[in-house]
Amino acid sequence: MTEHKNTANGKQGTEYEVEAGEVVEEELVGGAPVRRKGIYLLPNALTTASLFSGFYAIVSAANGVFDNAAIAIFVSMILDGLDGRVARMTNTQSKFGEEYDSLADMVAFGVAPGLVAFFWSLNAFDKVGWAVTFIYVAGAALRLARFNTQIGSVDKKFFVGLPSPSAAACVAGLVWCFHQFEPAAWLTLLTMVVVAGAGVLMVSNILYRSFKDLDLRGRVPFAAILLVVLVFVVIALDPATVLFTGFLIYALSGPVRALFRGKPRKSPGTAD
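All values reported here derive from a predicted model rather than from experimental measurement.

### What about the confidence of the model for the protein?
In this model, the protein carries an average pLDDT of 84, and 81% of its residues clear a pLDDT of 70 or more. Taken element by element, the predicted model of the protein shows its lowest mean pLDDT in strand β1 (residues 2-6) (46) and its highest in helix α5 (residues 164-178) (96). Contacts of residues 267-272 to residues separated by more than four positions or lying in other chains number 1 contact, the stretch itself having pLDDT below 50.

### Side note on a positive patch on the surface
A grouping of R85, R88, K156 and K212 is seen on the molecular surface, where their side chains present a positively charged patch. For K212, the position within the fold is in the loop between β6 (207-209) and α7 (223-237).

### Notes on the nonpolar core
Among the nonpolar cores identified, the biggest contains 52 residues, and Y136 and L162 are the most heavily contacted of them. Where this core is concerned, the elements lending two or more residues are α1 (41-62), α2 (66-89), α3 (95-120), α4 (126-150), α5, α6 (185-202) and α8 (239-262). It is α5 that provides the largest number of residues to this core, a total of 11 residues. The contact partners of Y136, leaving out residues within four places of it in the chain, are F109, G110, P113, G114, S164, A167, A168, V171, V195, A198, G199 and M202.

### Digging into the environment of A141
By the secondary structure assignment, A141 is in helix α4. On a C-alpha basis, the gap between A141 and M106 in space is 6.3 Å, while along the polypeptide they are 35 residues apart.

### Re unusual backbone geometry
Despite not being glycine, N91 shows a phi value in the positive range, around 55 degrees. Within the secondary structure layout, N91 lies in the loop between α2 and α3. Under the relative-accessibility criterion, N91 is labelled exposed at 59%. Its identity as a non-glycine residue notwithstanding, D126 has a phi of 50 degrees, on the positive side.

Procedures and definitions
Residues numbered from 1 in each chain as written. Predicted model: local features only at pLDDT ≥ 70, side-chain atom pairs only at ≥ 80, totals over all residues. Heavy atoms only, no water. pLDDT = per-residue confidence, 0-100. Helix = DSSP H or I, 4+ residues; strand = E, 2+ residues; numbered from the N terminus. Contact = heavy atoms within 4.5 Å. Patch = residues over 30% accessible without salt bridge, like charges linked within 9 Å, V, L, I, M, F, W, Y side chains within 5 Å. Areas by Shrake-Rupley, 256 points an atom, 1.4 Å probe, with all protein chains shown as cover. Salt bridge = Lys/Arg side-chain N within 4 Å of Asp/Glu carboxyl O. Lys, Arg positive; Asp, Glu negative; His and termini not counted. Charge placed at Lys NZ, Arg CZ, Asp CG, Glu CD. Core = buried A, V, L, I, M, F, W, Y, C linked by side-chain atoms within 4.5 Å. Buried < 20%, exposed > 50% of the residue type's maximum accessible area, 1.4 Å probe, protein only.

Next up, the structure:
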């Protein structure tokens, strides 16, 4: 298939051949635009694996296997963290990869956690249940869209709003922790609070530490590796409880930090 590139005055410019269904991106090489055809396999394969894990979580929840559904969401988080790092390490970043990753995140961290919570508990409340679920799903979509527009314009040390993987971890961790419990009013109320709260926090302007300023390449004391071993041991003892508690603390850290930062500090000589 032949396409034409339009110039500013409306005339047809240089022709280029593009195979039907192929991806073509324009990159700057030495200050000159160069058109490249195709996609990078490795990072996009990891993104596909993350997307599959999110899809598997939905299927598992629909079949009533809620522990597998929750675990699949955590697997998606690991794969989502790997694809971007692999792309940067191998210098295989691309616009296609960015768009594909964002769409995969919407499924894995937006639709999947919402439906897992809905099939597990919220579907018993009909319209209220799906309304709470939609708050979370819409929050994830808005969070991802806003994040894509803020790349390069905000401080890398902080995220604006709760990151969607952390919100998904709160929901998945809740389901993983309590999936064997009998249905109860307190558990349904807790689910509503966590799901709706995570959705609202994602679109809030509350700042969360990104930890991107941590230097993981430098040398550290030998005792640091013992701390890493201890963390893995604690997680292995009860992964559902530890992960849910950890991500819930992170989700609450933003509002708590904003609350204390918003209070005016008293000068040393000011009376109570």
